[in-house]
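Okay, here's what each chain looks like letter by letter:
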Amino acid sequence: MQVIGITGTNGKTTTAYLIASMFDAAGIPCGMLGTVAYRIGDQVREATRTTPEAPDVQGLLREMVDHGSGACAMEVSSHALSLRRVDDMTFAAGVFTNLTRDHLDFHADMESYFQAKRRLFEMLPDDAPSLLNVDDPRGPSLAGVGGRPVTYAINHPADITPGPLSFSLDGLDFDVRTPHGTLHVRSKLVGRPNVYNILAAVSASTALGLPFDAIERGLKAIDGVP
């Protein structure tokens, strides 16, 4: 089962829902662990925390495998990384969304907060894609940490970038240029933050070899995130 770890201050939940929808559309049942819910097969359970304690993480992943899941989109919080809840996991990919002020009641300062996020990428196997938002000032510094870096951005040169953006209250409409070609995004999600979430999800899905038609169908299937 491919586990895609998603970390960052904002956007983890939406990115997880998008990735799960893309895998489902590709015929690969995708479980989910995150802030809103834990999804195992057809079951949806209320989440007790973004990333559960280590034994619970392993138990939930085992249940997903037993239910036939081929992938899991997993939010990985800075608390979980600091408290070693995901130690010794083999992630198929790691996603960095952004870093803004948060959780400074737990982390001593912003640098400590970032170092916790960095641990996810230190854990990646050499060939696992590391999907990095390089519009965030911290994103480029993760490129040499671990895994195979794939960058995405709106405002800076990157491996994955959007074409002209069309915003409306009905949703988003734009092309995404990737190293493997261009795909078209039509989504009911609104606003610039969701462009970043979509780019993160497209980056992960294309890096893991999902076909463009499944990615496009997965995007269309998400009306919103609880």
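Quick note: structure is the one above.
Basis of the calculations
Residues numbered from 1 in each chain as written. Predicted model: local features only at pLDDT ≥ 70, side-chain atom pairs only at ≥ 80, totals over all residues. Heavy atoms only, no water. Phe/Tyr/Trp six-rings, centres within 6.5 Å; stacked < 30°, edge-to-face > 60°. Lys NZ or Arg CZ within 6 Å of the ring centre and 35° of its normal. Helix = DSSP H or I, 4+ residues; strand = E, 2+ residues; numbered from the N terminus. Expected span 1.5 Å × (residues − 1). Buried < 20%, exposed > 50% of the residue type's maximum accessible area, 1.4 Å probe, protein only. Arc of directions from axis to C-beta. Contact = heavy atoms within 4.5 Å. Pairing = 2+ DSSP bridges. Axes fitted to C-alpha atoms, helices over the stretch in contact; angles between N-to-C directions.

Trainee: Got a sec to walk through the packing of aromatic side chains? Specific residues and values, please.
Mentor: Under the defined criterion, the tally for this structure stands at zero aromatic pairs. Here R138 stacks its cationic end above the ring of F114, 4.7 Å away from the centre of that ring.

Trainee: Go over helix α2 (residues 54–66), please, and point to the residues and values.
Mentor: Taking 1.5 Å per residue as the helical rise, α2 with its 13 residues ought to reach 18 Å, and the 19 Å between its terminal C-alpha atoms agrees with that figure. Within α2 the residues assigned to the buried category are V57, L60, L61 and M64. Axial view of α2: buried residues confined to an arc of 100°, hence all on one face. In α2, those exposed residues whose orientation departs by more than 90 degrees from the buried face are P55 and D66. Packed against the buried residues of α2 are β1 (2–7), β2 (30–33), β3 (37–40), β4 (43–46) and β5 (71–75). A positive phi of about 90° marks G68, the residue just after α2.

Trainee: So, unusual backbone geometry: which residues are in play, and what are the values?
Mentor: In this structure, R84 is a non-glycine residue whose phi angle is positive, near 65°. Within the secondary structure, R84 is located in the loop between α3 (78–82) and β6 (93–96). According to the relative accessible area criterion, R84 is exposed, its value standing at 51%. Unlike most non-glycine residues, D88 shows phi in positive territory, near 70°. Relative to the assigned elements, D88 resides in the loop between α3 and β6. Judged by its relative accessible area of 80%, D88 falls in the exposed class.

Trainee: Tell me about the side chain of T15, and please be specific about residues and values.
Mentor: Looking at where T15 falls in the secondary structure, it is placed in helix α1 (residues 12–25). Judged by its relative accessible area of 0%, T15 falls in the buried class. Beyond its immediate sequence surroundings of up to four residues, T15 is in contact with I6, T97, N197, A200 and A201.

Trainee: Go over the sheet that holds β3, please, and point to the residues and values.
Mentor: Sheet strands line up and pair through hydrogen bonds in the backbone, either parallel or antiparallel. Across the sheet, eight strands lie side by side as β4-β3-β2-β5-β1-β6-β7-β8; this open sheet has mixed pairing. The open sheet is flanked by β4 and β8 (148–152), the only strands paired with a single partner. Sheet twist, expressed as the mean angle between neighbouring strand axes with direction ignored, is 20°. Strand direction decides the pairing type here: β1 and β6, joined by four bridges, are parallel.

It is worth stressing that arrangement in space is one thing and function is another; only the former is reported here.
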